[in-house]
Amino acid sequence: MATIGMDLNRFILEEERKHAQATGSLTLALTAITSAAKIIAAHVRMAGLADVIGTTGVINIQGEVVQKLDEFSNKILVQHLSDSGQFYALASEEMEEPLFPEKGRNGKYVIAFDPLDGSSNIDVNVSIGTIFSIHRKVDGTINDFLQEGRKQVAAGYIIYGSSTVLVYSTGNSVNGFTLDPSVGLFLLSHPDMQIPERGKIYSINEGYFNRWDEDLKSHVSALKEKGYSLRYIGSMVSDVHRTLIKGGIFAYPADTKNKSGKLRLLYEAAPMGFLIENAGGMATTGTENILDVKPSELHQRVPVFLGSRGDIQEIIG
Ligand code: AHM
Ligand code: MG
């Protein structure tokens, strides 16, 4: 039985024990993600100091030129995921093509990730995050990545906010763990997360109102009439994290400029959809459940509407 404060590694192991056929591979895979996340979290905390250190000429201990945080995060994830030996292939928002780690030749899984989503927010000290999506390897080709979101074996995100929180699901419950920086452990803080059936918040970039179709315009106007609050951080992990906890709607729709919206299916929309659905909510493109969309390319974009079941059902009519 999971108790508040349980260490993430123990939680993952106990989850695994529930499956008689489990080999420990997913446990090792998830552990690699959490190790990388701790390193990224520590560096995000130092974000504002990069230039300061740079101008004093101190650079960093390894004598490397200070890197942009999103490139650094990508490098750390690639390193840890490759070294784990559990992943046959890795795909990242930061890499045009997938990478096939030498040590992962016998890996059972493939992983797609956004190493540091919302990184344009770093300069203004707004929360950012890492998003990941794991599928079983099918045939060792690009098809491994082009599987529906519903087939994910695990998905999650890490939010680097006022605290660092990791939220993940392997298809049943959704659980959140807060990093205790004094001991470097992720501890269970949000067991069995359930999104409220309805919320009172909508989250969308309303500056693009004039580019929306008439249906969306009138839907958002109706939310205002009903007294919903608007909260839009512009950092998907933060906006989705709030939606998961407080309910309501997060959306990045298609508009006249971005015909498929902005968010990427494989490492933004599908993993977030998986978490929201496993927490009792819904995620849709407006016409189709996000988890049923069959990807056609690695960096494909899709419109996204996700959140409380009651609120999303009203949007899709
Ligand atoms: P990024 O992957 O380049 O960081 O962009 C994704 C981010 C999301 O975190 C956020 O939901 C969205 O872009 C905000 O876009 P906009 O500024 O158009 O509202
Ligand atoms: Mg992104």
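Residues numbered from 1 in each chain as written. Chains lettered and ligands numbered in written order. Predicted model: local features only at pLDDT ≥ 70, side-chain atom pairs only at ≥ 80, totals over all residues. Heavy atoms only, no water.

(A) How the structure looks around the site of ligand 1. Every one of the 15 residues lining ligand 1 counts as a neighbour, but Asp 117, Tyr 208, Tyr 232, Met 236 and Tyr 252 are closest to it. Within the side chain of Tyr 208, one N or O atom sits 2.8 Å away from an oxygen atom of ligand 1. Contact with the protein chains hides 81% of the accessible area of ligand 1, taken as 470 Å² for the molecule alone. Looking at the shell around ligand 1, the elements with two or more residues in it are strand S2 (109-117) and strand S10 (249-252). For the shell around ligand 1, the residue count by class is five nonpolar, five polar and five charged. A domain-level breakdown of the shell around ligand 1 finds at least three residues from each of domain 1 (8-190) and domain 2 (201-316). (Near = heavy atom within 4 Å. Polar contact = N/O pair within 3.5 Å; in protein donor to acceptor, adjacent residues only side chain to side chain. Areas by Shrake-Rupley, 256 points an atom, 1.4 Å probe, with all protein chains shown as cover. Helix = DSSP H or I, 4+ residues; strand = E, 2+ residues; numbered from the N terminus. Nonpolar A, V, L, I, M, F, W, Y, C, P; charged D, E, K, R; others polar. Domains from an automatic or database assignment.)

(B) Examining helix H7 (residues 265-278) more closely. With 12 of 14 residues buried, H7 is to be regarded as a mostly interior element. Buried residues of H7: Leu 265, Leu 266, Tyr 267, Glu 268, Ala 269, Ala 270, Pro 271, Met 272, Gly 273, Phe 274, Leu 275 and Ile 276, and no others. Directly beyond the C-terminal end of H7, a positive phi value near 95° is found at Gly 280. (Buried < 20%, exposed > 50% of the residue type's maximum accessible area, 1.4 Å probe, protein only.)

(C) View of the sheet that holds strand S5 (residues 164-169). One open sheet holds the seven strands; their spatial order is S1-S2-S3-S4-S5-S6-S7, and the pairing between them is mixed. At either end of the open sheet lies a strand with only one pairing partner, and these are strand S1 (87-92) and strand S7 (185-190). Averaged over all neighbouring strand pairs, the angle between strand axes comes to 20°, with direction disregarded. Pairing of S2 with strand S3 (residues 128-136) involves seven bridges; the strand directions are antiparallel. Within S3, the residue paired with Tyr 109 across the bridge is Arg 136. Strands in contact with helix H1 (residues 8-17) are S5, strand S6 (174-180) and S7; relative to S5, the strand with the most contacts, it is inclined by about 5°. (Pairing = 2+ DSSP bridges. Axes fitted to C-alpha atoms, helices over the stretch in contact; angles between N-to-C directions. Contact = heavy atoms within 4.5 Å.)

(D) How the structure looks around the sheet that holds strand S12 (residues 304-307). Strands sit in the order S9-S8-S10-S12-S11 across an open sheet of five strands; the sheet is mixed. Looking at strand neighbours, the two that pair on one side only are strand S9 (229-230) and strand S11 (282-284), the edges of this open sheet. In this sheet, S9 lies alongside strand S8 (residues 201-203) in parallel orientation, the contact comprising two bridges. By the bridge assignment for S9, Ile 201 is matched with Ser 229. Along the sheet, helix H5 (residues 214-225) contacts S8, S10 and S12; its crossing angle with S8, the most-contacted strand, is approximately 145°. Packed on one face of the sheet, helix H8 (residues 309-316) meets S10, S11 and S12 and runs near 30° to S11.

(E) Focus on the packing of aromatic side chains. Enumeration according to the criterion identifies six aromatic pairs in this entry. Taking 5.1 Å as the distance between ring centres and 70° as the angle between the ring planes, the aromatic pair formed by Phe 11 and Phe 177 counts as edge-to-face. Of this pair, Phe 11 sits in helix H1 while Phe 177 sits in strand S6, and the two are 166 residues apart along the sequence. Both residues of the pair, Phe 11 and Phe 177, belong to the buried class. (Phe/Tyr/Trp six-rings, centres within 6.5 Å; stacked < 30°, edge-to-face > 60°.)

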